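Observations on the model geometry
Residue strings, one per chain:
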Amino acid sequence: MSFDEYEKALELCTYCPKLCRHTCPVGNAERREAVIPQAKMAMANLVRKGQVELTTETASVFYHCNGCGLCGEYCEHDVDVTPALFAARAEAVNGGMDLPSMKHFTDRFYARNESLLRELHHLVEERYFVEEAQVAYFPSCDTVEHSPGVIGDTLRVLDSVGVDYVALHDGEYVCAGYPFWAAGLMSELSFLAKEISAKLSGYKKVICDCPACVWMMRFLYPQIDAPISAEVLHVVEFLDNYARRIEVSSTVQEAFYHDPCYLGRWLGVFDAPRRLMGRAVREIREFSWNRERGYCCGGGGLLADNLPDVSSKIARRRMDEVARTQVPMVVSACATCERNLARESGGVEVVNLMTLLARML
Amino acid sequence: MSSRDNEQQPVSAPYPEITAQLTEVVGAENLSSSPVDTIAHAVDFWPRKLMETRAGRWHRGPRWVVWPGAAAEVAHVLRIASTYAIPVIPYGGGSSMVGGASPRGERPWLVINCKRMCNILDMDEGSMVVHVQAGVVGVELEERLNARGFSLGHVPTSMTTATLGGWLSTRSSGMLSSRYGRISDLCLGITAVLPDGQLVHTRVAPRRATGPELMHLLLGAEGTLGIITAAHLRLHRLPLHRQFDSFRFERIDEAAEALRRSITSGVRPLVARIQRDPRLRRSDRDPDAPVPDAAALARRVLLLAFEGPAELVEAERGVVRSHVAELGGEALGQAPARRWWGQRFAAGFRMTPVLVRENSFADYVEAGVTWAGLAGLYRAMEEAFASRGWRTRLVVEHARMEGVSLGCAFWGDAASPQEAVASYDAAWKVAQQVCLAHGGRLGHVYGGGQHRAVLLDEWGKGRLELLTRIKRKLDPAGIMNPGVLGTEP
Ligand SMILES: Cc1cc2nc3c(=O)[nH]c(=O)nc-3n(C[C@H](O)[C@H](O)[C@H](O)COP(=O)(O)OP(=O)(O)OC[C@H]3O[C@@H](n4cnc5c(N)ncnc54)[C@H](O)[C@@H]3O)c2cc1C
Ligand code: SF4
Ligand code: SF4
């Protein structure tokens, strides 16, 4: 997946009259010409062609992307900006021109992984970690760190519909490597993907609470020689088959549903979470930008780490729309989204779908 | 000192001092000389400039980009620019197809990007008037208005990329102009900053009869006389009812006549377009499809959309149908026009795949023509381009009482970068000659910029001289977008 593989996409964007400008959460938040999708891609292209020097300054624009894919949704040329910009980040890494905030990223990734693994074993009773199982639950880093309750809630909801055979994956990782991809650290990603793929291929099904993990394992791993033989599903996709069996004792009057970019646009899962949410919420409110056009929370693409203010501003736009109504709750199905939206919640509750369902059982 | 004098005596401006002064006005975070920002403002969407960049020849962009947050800041910035005779480009979305928003030559340009000024300031729902800042991107404004049950009714193909300020400064015409007019028809008043920093507000009133309407000096001025920072615009309620109709004619002549009779009898369709028979697309794509005969190639379809109260819509459709019947048109139902509506923004994407080809050339000729000249101009344009082997797609749009706009997308491939530019220039020369011979007026939609200005016969010597005199008075330092619209570089 070298930089040159994206030549066609980079060229199309360079010569495009910026037609998807309005979709880009980062461009809209910054109101700066250099960070709209067209300009980021054009800069990457000029660097690729050697017409602009790769420096930390020129490379910096590659990081003004949260990987949401919204621009591509509008694009009539089917350009996929995210992988091209992540490849540009890889180029920056190789040239030693990545952002200062990305220094020692690998060390930090593994240190965090270690600490979250320990945390996971504190959180969940040991009986749930079973080696031999048909269906494994692979919890994600942001869930363990920011929404730890979601893991227990998911197991409770599964139990309630008679699915008591799901085991927690007792592995060495709580992340499928999206941060490495977004950081442009392709060899680190390749190593990690092969390790995870070897471990998870023993199961029949793997379920994850992180949409990006699912997308990585299902679509990116095969491209980097790390295919997983198990079927990889988001929890919501898996549970959807049992939606009718969910019996709630009470319901919430109304709540917004926020489509996580990777669950919605990237995996194409729009109806399942709404069906599940419908078990616990009487009126599902839609954002003006929803489903395929769902607006990002600002949490992807390492944006919250590298450009926290921009990331917050993106979340604020989403939550401002809720604030204009009297609706007290936003539901989602991704811990990264929930964390980012909660930072700008303005008193509105931001809750994971599994937690909401568990609460209403 | 005229601006031409400036050109001859290169400005020996104290750059660090200018930077410090600009920073004081807009704040460090709203000023940049970083290559990241200057490259992003180096070219607009003028195809000729883009063709040059394929060979790696990029303009290095402006020396400074500033993002003022209010008209008062714009005024300060223009005073600084006037003091040091720094050439200024007011910048909206950079979607100008005529080089209106791209720096040129070796001078140290200052780009004033208006996009931080993007708020709705006030809305009078009863009078259906909105007061909005000029840096708002078109589609954002429309979505905000729609959320409150209104529409501006201005939908150019560049809706998602262009700004209100850019529209006003080019007197933009959208695909709904047959019903709602062009942006200058929707504009009731503006706030603008003149080159010396003076603020101008033209007041909103249903009608004024107190001297010339000064607003029109700035509308369409393409940033050569000042910067528009806000405007009062007329709104429309979101339509309750929308219908479509499509008709096929044996020749352009009958299609044009049916449209003329309809429009001049008072019908105001939302959309009215005459284009090639969409069935021919199959033969474009499928090499095994039968080659269309001359009769098939000559056929044209008239696509129409109507909106408003149901009774009015049905009455308008009835009038059109009777004119179509008089001229032997075949009714095709709603589907072809509805299909076009569903893909109405697709045209904006078409030029890009051509421009990425190494030695290609492409652009879009848009010429205003009165009804009397339409069929002749149409045929002459089509023949002139085809005889030279250039591909074209012609469309009649923006129908008004007195005439229409003829759009002609052209494209082709040459053997070298130099030949591509030569073919491009030759195509425009041909378009200009055809227009001169058949009563067409170039520059009906996209403005003059750096490009059309040199081709626009209608400018004539007298009109350009008058504009130059006005500009010299308002802009003695010659800072505002010099060289655009044929003004002194
Ligand atoms: C794909 C495509 C489709 C298009 N379709 C249409 C169409 O349907 N109808 C149409 O009319 N045009 C169309 N255009 C042309 C273009 O979009 C319009 O000219 C548009 O009005 C430019 O707006 P902008 O904000 O991008 O302005 P820019 O390109 O940034 O600037 C255009 C000119 O206006 C000046 N300017 C910008 N903002 C201000 C301001 N606030 N005050 C003073 N001067 C200012 C600039 O200096 C420049 O001279 C199209 C262009 C493209 C690329
Ligand atoms: S993604 Fe598509 S619409 Fe956006 S800049 Fe690239 S080519 Fe244009
Ligand atoms: S993927 Fe999202 S953040 Fe990145 S350029 Fe596209 S719209 Fe912007």
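Our structure's up above, just so we're on the same page.
Quick caveat: nothing in here was measured; it's all calculated off a predicted structure.

1. Description of a negative patch on the surface
Residues and elements named next belong to chain A. There is a patch of like negative charges on the surface, built from Glu 126, Glu 131, Glu 132 and Asp 170. As for its placement among the helices and strands, Asp 170 is situated in the loop between strand 2 (166-168) and helix 10 (178-183). According to the relative accessible area criterion, Asp 170 is partly exposed, its value standing at 34%.

2. Details of the packing of helix 11 (residues 252-264) of chain B against helix 14 (residues 310-326) of chain B
Residue and element names in this part refer to chain B. Contact geometry of helix 11 with helix 14 gives a least axis separation of 9 Å together with a crossing angle of 145 degrees. Taken as a pair, helix 11 and helix 14 cross one another with a handedness that is right-handed. Here Ala 258, Arg 261 and Ser 262 of helix 11 come into contact with helix 14, specifically with Val 320, His 323, Val 324 and Glu 326. In terms of residue class, the contact of helix 11 with helix 14 is made up of 3 nonpolar, 2 polar and 2 charged.

3. Some remarks on the side chain of Ser 173 of chain B
All names here are of chain B. With respect to the helices, strands and loops of the structure, Ser 173 is situated in the loop between helix 7 (164-170) and helix 8 (177-180). At 3.4 Å, the side chain of Ser 173 and the side chain of His 398 are in polar contact. Once you skip the residues sitting within four places of it in the chain, Ser 173 turns out to touch His 154, Pro 156, Arg 182, His 398 and Val 445.

4. Some points on the site of ligand 1
Close to ligand 1 lie 34 residues, the nearest being Pro 90, Ser 95, Ser 158, Thr 163 and Ser 173 of chain B. Ligand 1 sits at the junction of chains A and B, each of which supplies nearby residues. Within the contact set of ligand 1, a nitrogen atom lies 2.7 Å away from a backbone nitrogen or oxygen of Ser 173 of chain B. Across the complex, the protein chains shield 97% of the 970 Å² of accessible surface that ligand 1 would expose by itself. Listing elements by their share of the shell around ligand 1, those giving two or more residues are strand 3 (88-91), helix 7 and strand 10 (227-234) of chain B. The element best represented in the shell around ligand 1 is helix 7 of chain B, accounting for 5 residues. Looking at side-chain class alone, the shell around ligand 1 contains 14 nonpolar, 19 polar and 1 charged residues.

Rules and cut-offs
Residues numbered from 1 in each chain as written. Chains lettered and ligands numbered in written order. Predicted model: local features only at pLDDT ≥ 70, side-chain atom pairs only at ≥ 80, totals over all residues. Heavy atoms only, no water. Patch = residues over 30% accessible without salt bridge, like charges linked within 9 Å, V, L, I, M, F, W, Y side chains within 5 Å. Areas by Shrake-Rupley, 256 points an atom, 1.4 Å probe, with all protein chains shown as cover. Salt bridge = Lys/Arg side-chain N within 4 Å of Asp/Glu carboxyl O. Lys, Arg positive; Asp, Glu negative; His and termini not counted. Charge placed at Lys NZ, Arg CZ, Asp CG, Glu CD. Helix = DSSP H or I, 4+ residues; strand = E, 2+ residues; numbered from the N terminus. Buried < 20%, exposed > 50% of the residue type's maximum accessible area, 1.4 Å probe, protein only. Axes fitted to C-alpha atoms, helices over the stretch in contact; angles between N-to-C directions. Left-handed = near helix turned anticlockwise from the far one by under 90°. Contact = heavy atoms within 4.5 Å. Nonpolar A, V, L, I, M, F, W, Y, C, P; charged D, E, K, R; others polar. Polar contact = N/O pair within 3.5 Å; in protein donor to acceptor, adjacent residues only side chain to side chain. Near = heavy atom within 4 Å.

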